[in-house]
Amino acid sequence: MLSKKELERYKRQLILEGFGEEAQKKLKDSKVALFGLGGLGSTASLYLVAAGVGNLLLFDPEKVEISNLNRQVLYQTKDVGREKAKLTREKLLSLNSEISISAYTERLQETVDIWKEAHLLIDCLDNLEGRLFLNNKATELQKPLISAAVEGWQGYLYTYIPRETPCLNCIFGNKSKRAEAFPVIGVTPGVLGLLEATEAIKYLAGKEVSTRERILLVNLETLTFKRVKVKKNPECEICS
Amino acid sequence: MKVEIGGRVITLKGNKRVREVLKELDLNPETVLVIREDELLTDDVQLYESDEIKIVNVISGG
């Protein structure tokens, strides 16, 4: 049941065709784990909370740096030096105190026990090594994983559903794991973070996602969006 | 075949596999994705002179 307050707060999406109270209740009852509170995570988390996802687990061990502020729009100059996870929790609760938000600053590999009960994982990390770790755990625990990455004006978005779709290792397993400071304009993680939240809301509300077995390649410099089919690697050591 | 990379289009002659195209263009397969029409290709896929492919960089930032 939605409360009177919730019916008022979510009024404009409750009247959306094919959404309604049933979908809103599904969002409210869901638990989502979001990894990385940089450019992607700042935007994705904001819209998940605004939409009424009931339980959100936030993971990021880092503190806010001045060079984050061109793209990590949840933070302000006065926030430099503060822990991103705890700060994000505070800010998101001031947007919507009706939901449960927990913040964790441990390293990703040490947090599995905390998020193994989540219904959906959202990858907003900034390196391929972490993404592949999440992918492997998602496979092991049978959790759907929405993943995005950005650089410059470009980004990608993909939804991995264990046992059903190719995994991230099928696509990126043989790619370079080098992690270094990458060039980026703030709007790129903004757009891709929004798209991650979009797919998450659709998935949790029981609607079909658009990046199942298709990776969305985004180029904001040319404003081109292309969905490309991906195939399972029959030799993938993770999902085959 | 026509190869689009970084906003430029290069023409290559003959049929060859994806890995051979990347070698000819001096590209490290670990750093790029290769697309034909609406499909992501693996390095062993055979390409033909009539194909049009696009090469994009692997990205991993957030």
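Residues numbered from 1 in each chain as written. Chains lettered and ligands numbered in written order. Predicted model: local features only at pLDDT ≥ 70, side-chain atom pairs only at ≥ 80, totals over all residues. Heavy atoms only, no water.

Focus: the overall build of chain B
Spelled out, the test is: Put simply, DSSP marks the helices as runs of H or I at least four residues long and the strands as runs of E at least two long, and each gets a number from the N terminus on. Restricting the calculation to C-alpha atoms gives the radius of gyration, and the globule rule supplies 2.2 Å times the number of residues raised to the power 0.38. Per-residue and other accessible areas follow the Shrake-Rupley method at a 1.4 Å probe size, with only the shown protein chains counted as cover for residues.
Helix and strand counts for chain B come out as 1 helix and 7 strands. The linear arrangement of helices and strands in chain B, starting from the amino end, is β-β-β-α-β-β-β-β. In terms of C-alpha radius of gyration, chain B reaches 11 Å, essentially the compact-globule figure of 11 Å for 62 residues. The principal-axis extent of the C-alpha atoms belonging to chain B is close to 40 × 25 × 25 Å. Element-wise, carbon and sulfur atoms account for 42% of the exposed surface of chain B, whose accessible area totals about 3500 Å².

Quick look at the interface of chain B and chain A
We count it as follows: Residue contacts are defined here by distance: any two heavy atoms, one from each residue, within 4.5 Å place the two residues in contact. Buried area counts how much accessible surface, traced with a 1.4 Å probe, disappears from two parts once they are put together, with both parts' losses summed. Each salt bridge in this description consists of a side-chain nitrogen of Lys or Arg and a carboxyl oxygen of Asp or Glu lying within 4 Å of one another. Identification of polar contacts relies on pairs of N or O atoms within 3.5 Å, with a donor-acceptor requirement for protein atoms, meaning one able to donate a hydrogen and the other able to accept it, and with residues adjacent in sequence counted only if both atoms are side-chain atoms.
In this complex, chain B contributes 15 residues to the contact, which on the side of chain A involves 31 residues. Both sides of the chain B and chain A interface together cover about 1800 Å² of buried area, and 57% of this is carbon and sulfur. Three residues stand out in chain B for area buried against chain A, namely Asp38, Ile59 and Gly62 of chain B, and they jointly supply 34% of the buried area on that side. Between chain B and chain A we count 2 salt bridges in total. Here Arg214 of chain A makes a salt bridge to Asp38 of chain B, at a shortest N to O gap of 3.7 Å. Inspection of the region where chain B meets chain A yields 12 residue pairs in polar contact (both at pLDDT 80 or more). With 3 residues, strand β4 (residues 32-36) of chain B is the largest single contributor of residues to the side of chain B that touches chain A.

With respect to the state of the cysteines
Residue and element names in this part refer to chain A. Heads up, the condition is: Any two cysteine sulfur atoms lying within 2.5 Å of each other are counted as a disulfide. Residue exposure (1.4 Å probe, protein chains only): buried if accessible area is under 20% of the type maximum, exposed if over 50%, otherwise partly exposed.
Under the criterion given, the structure shown has 0 disulfides over all chains. Cysteine Cys167 shares no disulfide, and the gap to the nearest cysteine sulfur, in Cys239, comes to 3.6 Å. The class of Cys239 is buried, set by a relative accessible area of 16%.

Quick notes on helix α9 (residues 187-204) of chain A
All names here are of chain A. Note the following rule: Each helix should span, by expectation, one fewer than its residue count multiplied by 1.5 Å.
An ideal rise of 1.5 Å per residue puts 26 Å on 18 residues; α9 measures up with 26 Å between its terminal C-alpha atoms. Taken together, the buried positions of α9 are Thr188, Pro189, Gly190, Leu192, Gly193, Glu196, Ala197, Glu199, Ala200, Ile201, Lys202 and Leu204. At the C-terminal side of α9, Gly206 shows a positive phi close to 85°.

Observations regarding the side chain of Asp79 of chain A
Residues and elements named next belong to chain A. For Asp79, the location among the structural elements is in the loop between β2 (55-59) and α5 (84-95). Take Asp79: its relative accessible area is 2%, and that puts it in the buried class. Here Gln76 takes part through its backbone nitrogen, which lies 2.8 Å from a polar atom of the side chain of Asp79. If sequence neighbours within four positions are ignored, Asp79 has contacts with Val64, Leu74, Leu87 and Lys91.

Remarks on the packing of aromatic side chains
Note on aromatic pairs: each is described by the distance of the centres and the angle between the planes. Residue and element names in this part refer to chain A. Note the cut-off: Geometry of aromatic contacts follows a simple scheme: Phe, Tyr and Trp rings, the Trp one being its six-membered ring, pair when their centres are within 6.5 Å, and the pair is stacked under 30 degrees between planes, edge-to-face over 60, tilted otherwise.
Evaluated as defined, the whole model comprises 4 aromatic pairs over all chains. Centroid distance Phe35 to Trp115: 5.1 Å. Interplanar angle 80°. Geometry classified as edge-to-face. One end of the pair, Phe35, is in strand β1 (residues 31-35); the other, Trp115, is in helix α6 (residues 112-115), with 80 residues separating them in the sequence. Using a relative accessible area of 1% as the deciding quantity, one classes Phe35 as buried. Here the aromatic rings of Phe59 and Tyr104 are separated by 5.0 Å at their centres, their planes lie at 15°, and the arrangement is stacked. With Phe59 in strand β2 and Tyr104 in strand β3 (residues 100-104), this pair connects stretches of sequence that are 45 residues apart. Residue classification places Phe59 among the buried positions, given a relative accessible area of 5%.

Comments concerning the pairing of strand β5 (residues 145-151) of chain A
Residues and elements named next belong to chain A. Formally: Any two strands are treated as partners once DSSP identifies two or more bridges connecting them. Looking down the strands as they point away from the viewer, one classifies a crossover as right-handed if the path from the first strand across the helix to the second runs clockwise.
Taking burial as the measure, the 7 residues of β5 include 6 buried ones, the bulk of the element. Sheet analysis places strand β4 (residues 120-123) next to β5, joined by 3 bridges and oriented parallel. For Leu121, the partnering residue across the bridge sits in β5 and is Leu145. In terms of handedness, the path from β4 via helix α7 (residues 128-141) over to β5 forms a crossover that is right-handed. Relative to strand β6 (residues 154-160), β5 runs antiparallel, the two being bridged by 7 bridges. The residue of β6 that forms the bridge with Ser147 is Tyr158.

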